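# An overview of the molecular structure
Single-letter residue listing:
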Amino acid sequence: DFNVNTTADTIDRDVNDSICADVDDRCSLRAAVMQANQRAGEAHVIYLPAGIYTLSISGRAEHYGRTGDLDVSGNITITSNESDPARTIVDGGGIDRVFEVVGPGHVTFRFITIRNGNALNNAFNYASGGGIAVTGGGMSVNGQTTWLLVEHCIIRDNRGSASGGGIDITNAKGTSRDTAILNNTTQGGGGGVSVGLAGDVFIVNST
């Protein structure tokens, strides 16, 4: 488990040392994601205290979580310490989408708000999923399917270009439970949620 203790957007100083720490010994959300990705075969939980976590390191279409959006893979849960998702906010800062699920695994978001992601004008035309994009690798070599669970969250004010202003799911399965998906826009299809090739989505008790 990783306990985030700063709202600063900083990279992990050494992904091989099993310690979530930036150069100032703080465990940021980005550093925690980088550490969890390094051991994608294990299950990890990242705990966020209440606060606003704004992404500020520009650089699109990079899939290691060092710049732009937060790229996640493997079996990762990102959850707030609070039961009110409005108190714990991950803000894309308009520099990129907020999260991208880039590899096979099970990724869960609980009790957080995901907002102000911007997948417009993305390099390599990855312009879907302003809040969350599950591009995910589909099936891994051992047959594991990529799953996204969004539970007790708020997905709002995100922008896409191709599809999926709030969430885009392709080659994967996703569930939205007890979640509000609000005021997301895209120039293509699916302002709130878009389900692409070989994707399935289950929406339960959600707005």
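Heads up: the structure comes first, above all this text.
The notes below deal with the structure included here. Note that the coordinates shown come from a computational prediction; the quantities given were computed from them, not determined experimentally.

This part covers the state of the cysteines. What the rule picks out here adds up to one disulfide. In this model Cys-20 forms its disulfide with Cys-27; the gap between the sulfur atoms is 2.1 Å. Between Cys-20 and Cys-27 the sulfur-sulfur dihedral comes to about 95 degrees; the bridge is accordingly right-handed. We note that Cys-20, like Cys-27, is buried.

It is worth spelling out the sheet that holds strand β9 (residues 113-115) at this point. Taken in spatial order, the five strands of this open sheet run β3-β6-β9-β12-β16, and their pairing is parallel. The outermost strands of the open sheet, each flanked by one partner alone, are β3 (51-54) and β16 (180-182). Taking each pair of neighbouring strands and ignoring which way they run, the sheet shows an average axis angle of 15 degrees. Pairing of strand β12 (residues 154-156) with β16 involves three bridges; the strand directions are parallel. Bridge assignment links Arg-156 to a residue of β16, and that residue is Leu-182.

Moving on, we get to the side chain of Thr-77. Relative to the elements of secondary structure, Thr-77 occurs in strand β5 (residues 75-80). Judged by relative accessible area, Thr-77 falls into the buried class, the value being 17%. Setting aside anything within four residues of it in sequence, one finds Thr-77 in contact with His-44, Val-45, Ile-46, Thr-108 and Arg-110.

Another aspect to go through is the environment of Ser-161. Turning to its location among the elements, Ser-161 is positioned in the loop between β13 (159-160) and β14 (167-169). Ser-161 sits 32 residues away from Gly-129 along the chain, and the two C-alpha atoms are 8.3 Å apart. When residues no more than four places from it in sequence are discounted, the contact partners of Ser-161 are Ala-119, Leu-120, Ala-127, Thr-186, Gln-187 and Gly-188.

A few words now on the pattern of salt bridges. Counting across every chain of the model gives 13 salt bridges. A salt bridge links Asp-9 to Arg-30, with the nearest nitrogen and oxygen atoms 2.6 Å apart. Placement of Asp-9 in the loop between β1 (2-3) and α1 (29-38) and of Arg-30 in helix α1 is noted, with a sequence separation of 21 residues between them. Accessibility expressed as a relative area gives 12% for Asp-9, which makes it buried. Between Glu-82 and Arg-87 there is a salt bridge, and its shortest N-O distance comes to 3.2 Å. One salt-bridge network, held together by shared partners, links Asp-22, Asp-24 and Arg-26.

Parameters at a glance
- Residues numbered from 1 in each chain as written.
- Predicted model: local features only at pLDDT ≥ 70, side-chain atom pairs only at ≥ 80, totals over all residues.
- Heavy atoms only, no water.
- Disulfide = S-S within 2.5 Å.
- Buried < 20%, exposed > 50% of the residue type's maximum accessible area, 1.4 Å probe, protein only.
- Pairing = 2+ DSSP bridges.
- Helix = DSSP H or I, 4+ residues; strand = E, 2+ residues; numbered from the N terminus.
- Axes fitted to C-alpha atoms, helices over the stretch in contact; angles between N-to-C directions.
- Contact = heavy atoms within 4.5 Å.
- Salt bridge = Lys/Arg side-chain N within 4 Å of Asp/Glu carboxyl O.

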